Amino acid sequence: MYVIRLTDGTLRVPQSLTSDDGRLIGNAYVDVVPGEPDYERWLAESVTEEEDAERRRRWREENDDLEREFLAFKADAEASTGGDEQETADPEGTGPARRENTGRGHADGQDVR
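Attention in this report is confined to the structure presented alongside it. (Residues numbered from 1 in each chain as written. Predicted model: local features only at pLDDT ≥ 70, side-chain atom pairs only at ≥ 80, totals over all residues. Heavy atoms only, no water.)

Turning our attention to the nonpolar core. In this structure, Val 3, Leu 11, Val 13, Val 32, Tyr 39 and Trp 42 together form the largest nonpolar core, which totals six residues. If you list the elements that add at least two residues to this core, you get strand 2 (11–18) and helix 1 (39–44). The contacts of Val 32, once residues within four sequence positions are left out, are Gly 9, Thr 10, Leu 11, Val 13, Pro 37 and Tyr 39. (Core = buried A, V, L, I, M, F, W, Y, C linked by side-chain atoms within 4.5 Å. Buried < 20%, exposed > 50% of the residue type's maximum accessible area, 1.4 Å probe, protein only. Helix = DSSP H or I, 4+ residues; strand = E, 2+ residues; numbered from the N terminus. Contact = heavy atoms within 4.5 Å.)

Here is the structure:
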């Protein structure tokens, strides 16, 4: 997320809300107008809405090399573990899928759990 500079000078500053134990609750933007504390600091790193849209467009169009590199890395990592990992869903449905070691993939084909 970037600091977005609107045409009227208002800055949209990204802000994350976390729980007391550090878990992410949500991400949002807070408007900061000229004259408010920290306006000048945020202004220095802000981008226009057009610049933000261009960055997003370029990322979508130009990420093919990065995606190929990641998929090759992922295949190498899976090959180096001998296929011992499998993806499992988060039982509570609140987080990302997890990788678990199944204990399989040994040369003798035996399950070592």
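Having put the structure on the table, let's press on.
The final tally for this structure, using the stated rule, is zero aromatic pairs. When the ring centre of Trp 42 is taken as origin, the NZ or CZ atom of Arg 41, which lies over that ring, is 4.3 Å away. Lying over the aromatic face of Tyr 2, Arg 55 brings its terminal NZ or CZ to 4.4 Å of the ring centre. (Phe/Tyr/Trp six-rings, centres within 6.5 Å; stacked < 30°, edge-to-face > 60°. Lys NZ or Arg CZ within 6 Å of the ring centre and 35° of its normal.)

A few words on the pairing of strand 2. Taken residue by residue, a regular strand's side chains alternate between the two faces of the sheet. Here two bridges tie strand 1 (residues 4–5) to strand 2, and the two strands are oriented antiparallel to one another. Residue Ile 4 lies in a different strand from strand 2, and its bridge partner there is Arg 12. Where strand 2 lies against strand 3 (residues 24–32), eight bridges are found, and the strand directions are antiparallel. Each residue of the ladder has a partner; that of Pro 14, found in strand 3, is Tyr 29. (Pairing = 2+ DSSP bridges.)

Attention now goes to unusual backbone geometry. Among all residues save glycine, negative phi is the norm, and among peptide bonds the norm is trans. Unusually for a residue other than glycine, Asp 38 sits at a positive phi of about 70°. Residue position: Asp 38 is located in the loop between strand 3 and helix 1.

Scanning all chains against the criterion turns up seven salt bridges. Taking the shortest distance from any N to any O, the salt bridge between Asp 31 and Arg 12 comes out at 2.6 Å. Linking Asp 31 in strand 3 with Arg 12 in strand 2, this pair joins segments that are 19 residues apart in sequence. Judged by relative accessible area, which is 39%, Asp 31 ranks as partly exposed. The partly exposed category is assigned to Arg 12, whose relative accessible area is 34%. The partner of Arg 41 in a salt bridge is Asp 38, with the nearest N and O atoms 3.7 Å apart. The class for Arg 41 is partly exposed, based on a relative accessible area of 45%. Several salt bridges share partner residues, and in doing so they unite Glu 54, Arg 57 and Glu 61 into one network. (Salt bridge = Lys/Arg side-chain N within 4 Å of Asp/Glu carboxyl O.)

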